[in-house]
Each structure stands twice: as C-alpha cells, then as structure tokens.
Amino acid sequence: DTGVSQDPRHKITKRGQNVTFRCDPISEHNRLYWYRQTLGQGPEFLTYFQNEAQLEKSRLLSDRFSAERPKGSFSTLEIQRTEQGDSAMYLCASSFNELAGGREQFFGPGTRLTVL
Amino acid sequence: AQRVTQPEKLLSVFKGAPVELKCNYSYSGSPELFWYVQYSRQRLQLLLRHISRESIKGFTADLNKGETSFHLKKPFAQEEDSAMYYCALISNFGNEKLTFGTGTRLTIIP
C-alpha cells in the first residue's frame, strides 16, 4: 500500500498521560497535514508542514500539542497531559505542492484516541 | 473567516432517484471547492473538485459564486453511493488548510 499510513490505529490512554502518533505520507509528497475529527463533525485543521517546516498552526493546537517532521518525511503528533476532550480521530493527510491544477490532499486511515 | 455549511446531516434517497447534497460556503475571496467522500470502513478520499469540472462516478458539482454554493448532484442514485460526504474549501491566498463542513450521510434505499 503506497498511501498515507498512520500508527497506531487505536490508542486508549488515561487522563494525564502523554501519547504520540506517527504519520507516514506518500513518499513524493512534500506537504503534510494534521486534522482532528470529533463525532458528528467534519475534520478540523490542526497544523501543516512543507518539507520539515511547520507553516501554520490552528488555535485548536494548545500548548499540550506538538508536531514535528524532522527530516521532511514522517511526522509525529504528541499530546501531553491528555484530557478527555482530546478524545477524537486524528487524521493525517499529504499532498504535493503543485503550481497549478488543484491541491488534492490524500488522507490516512486515522488514529482514534480515547482518553479515559 | 471561512466556513462551510452542509444543512443536511442525513439524506435518504431511493435507488434510481436524483440526489442533491447541499453545500454553502462563506469566504471573502475565491476559494477552491472540493467534495470528499468516506465509504464504510474506508478512508476519506477526494470525489471531485470544482476546477476540474469532471463528472466522477456520475456526480457533478457546479460552483455558484453568486449563491456561494457548491451542491453535489447525481441524476440516478446507486446503492454504492451510500456514504458520508464532506464539502470542503481551500482559500487561494497561500493558506493550505482544508475547511470542512459537518458532512451529510447519504443512504440509498434499494
């Protein structure tokens, strides 16, 4: 499978614990995005990278959240001191920066986080 | 601020009947509009985008800037069209984030 992959697919943790998710984008894609989706809502943007540079962060991304893409390939999203409100599906997407023709984002299967 | 509104959370249509999923947006510039679809137990995937003006799986969507709408249409629904559909936009000012609507769950009744 050459699509976007995410690991783990499911994570159950206790409130106050730290969790880290990984995303592997499509290999030739230079842009990588993180979204969060809660029940009954569409995905909400968290942050995105072009190569290793983090270019934008949403106000949804509190100080407890940090994302990295150290070598411009895979990315990690860490949540420190998890809260029950962090329970959601975390989606990763990637795209190739085209000069023209549209900016399709390819999504991974998501990591479902449950905070007890 | 940009916003996408999908007024119907649920839509049921008989097989063979026409389908229309509504999408309205608010944005001061000229955005790029998309429809994404998520079939059962599959990942979110692009269905179509307004700049390509294609028909994908029989679906079309026309951007109406006057009404700020991007409704998704199909003349004859098929059972395999049952899925969750999300309308989304990207601004055209270098901001690459997708802003999604809340989605419409389409169920095709056999």
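Right above here is the structure, for reference.
What you see is a predicted model, and the numbers here were worked out from it, not measured in a lab. (Residues numbered from 1 in each chain as written. Chains lettered and ligands numbered in written order. Predicted model: local features only at pLDDT ≥ 70, side-chain atom pairs only at ≥ 80, totals over all residues. Heavy atoms only, no water.)

Participant: Got a minute to help me understand the state of the cysteines in this structure?
Facilitator: When the sulfur atoms of two cysteines share a covalent bond, that bond is a disulfide. Across all of its chains, the model carries two disulfides over all chains by this definition. Note that A:Cys23 is cross-linked by a disulfide to A:Cys92, the S-S spacing being 1.8 Å. Here A:Cys23 and A:Cys92 share a disulfide; its torsion about the S-S bond, -70°, makes the bridge left-handed. Pair noted here: A:Cys23 is in strand 3 (residues 19-24) and A:Cys92 is in strand 9 (residues 88-95), with a separation of 69 residues, a long-range link. By relative accessible area, A:Cys23 is classed as buried at 0%. Given a relative accessible area of 0%, A:Cys92 falls into the buried group. Each disulfide pairs two cysteine sulfurs, and for B:Cys23 the partner residue is B:Cys87, the sulfurs being separated by 2.0 Å. Looking down the S-S bond of the B:Cys23 and B:Cys87 bridge, the torsion is -65°, so its handedness is left-handed. Of the two residues, B:Cys23 is situated in the loop between strand 3 (19-21) and strand 4 (24-26) and B:Cys87 in strand 9 (residues 83-90); the sequence distance between them amounts to 64 residues. Judged by relative accessible area, which is 0%, B:Cys23 ranks as buried. Take B:Cys87: its relative accessible area is 0%, and that puts it in the buried class. (Disulfide = S-S within 2.5 Å. Helix = DSSP H or I, 4+ residues; strand = E, 2+ residues; numbered from the N terminus. Buried < 20%, exposed > 50% of the residue type's maximum accessible area, 1.4 Å probe, protein only.)

Participant: Mind showing me how you'd approach the sheet that holds strand 7 (residues 60-61) of chain B here?
Facilitator: Hydrogen bonds between backbone atoms are what pair the strands of a sheet, whose relative direction is either parallel or antiparallel. Read from one edge to the other, the open sheet built from three strands follows the order 3-8-7 (chain B), with strand pairing classed as antiparallel. Of all strands in the sheet, those with a lone pairing partner are strand 3 and strand 7 of chain B, marking the two edges. (Pairing = 2+ DSSP bridges.)

Participant: Please explain the interface of chain A and chain B as it appears in this structure.
Facilitator: Accessible area lost when the parts come together is the quantity often used to give the size of an interface. Counting from both sides, the interface comprises 22 residues of chain A and, opposite them, 21 residues of chain B. Summed over both partners, the interface of chain A with chain B comes to about 1800 Å²; 46% of that surface belongs to carbon and sulfur atoms. Joining chain A to chain B, the criterion identifies one salt bridge. The partner of B:Arg49 in a salt bridge is A:Glu104, with the nearest N and O atoms 4.0 Å apart. (Contact = heavy atoms within 4.5 Å. Buried area = accessible area lost by both parts, 1.4 Å probe. Salt bridge = Lys/Arg side-chain N within 4 Å of Asp/Glu carboxyl O.)

Participant: Even after reading the chapter, I still don't get the environment of B:Lys22, so can you show me in this structure?
Facilitator: Residues and elements named next belong to chain B. Considering the arrangement of structural elements, one finds Lys22 in the loop between strand 3 and strand 4. Residue Lys22 is classed as partly exposed on the basis of its relative accessible area, which comes to 30%. For the pair Lys22 and Pro75, spaced 53 residues apart in sequence, the C-alpha separation works out to 15 Å. Within the structure, the side chain of Lys22 is placed 3.4 Å from the side chain of Glu20, a separation counted as a polar contact. (Polar contact = N/O pair within 3.5 Å; in protein donor to acceptor, adjacent residues only side chain to side chain.)

Participant: Looking at this model, I keep getting lost on the pairing of strand 9 of chain A. Mind explaining?
Facilitator: Where a strand is regular, its side chains alternate between the two sheet faces. Residues and elements named next belong to chain A. Buried residues dominate strand 9, accounting for eight of its eight residues. Here strand 9 shows a buried face lined by Ala88, Tyr90, Cys92 and Ser94 and a second buried face lined by Met89, Leu91, Ala93 and Ser95. Where strand 4 (residues 31-37) meets strand 9, seven bridges bridge the pair, whose relative direction is antiparallel. Bridge assignment links Leu32 to a residue of strand 9, and that residue is Ser94. As paired strands, strand 9 and strand 11 (residues 111-115) are joined by three bridges and run antiparallel to one another. Directly across from Ala88, in strand 11, lies its bridge partner Leu113.

Participant: Could you clarify how one ought to interpret the sheet that holds strand 3 of chain A in this entry?
Facilitator: Residue and element names in this part refer to chain A. Taking strand neighbours across the sheet as the criterion, the four strands line up as 1-3-8-7 in an open arrangement whose pairing is antiparallel. Bordering the open sheet on either side are strand 1 (5-7) and strand 7 (65-68), each of which pairs with just one other strand. On average, adjacent strands in this sheet sit at an angle of 15° to one another, irrespective of strand direction. One ladder, built from three bridges, connects strand 1 with strand 3; its direction is antiparallel. For Ser5, the partnering residue across the bridge sits in strand 3 and is Asp24. (Axes fitted to C-alpha atoms, helices over the stretch in contact; angles between N-to-C directions.)

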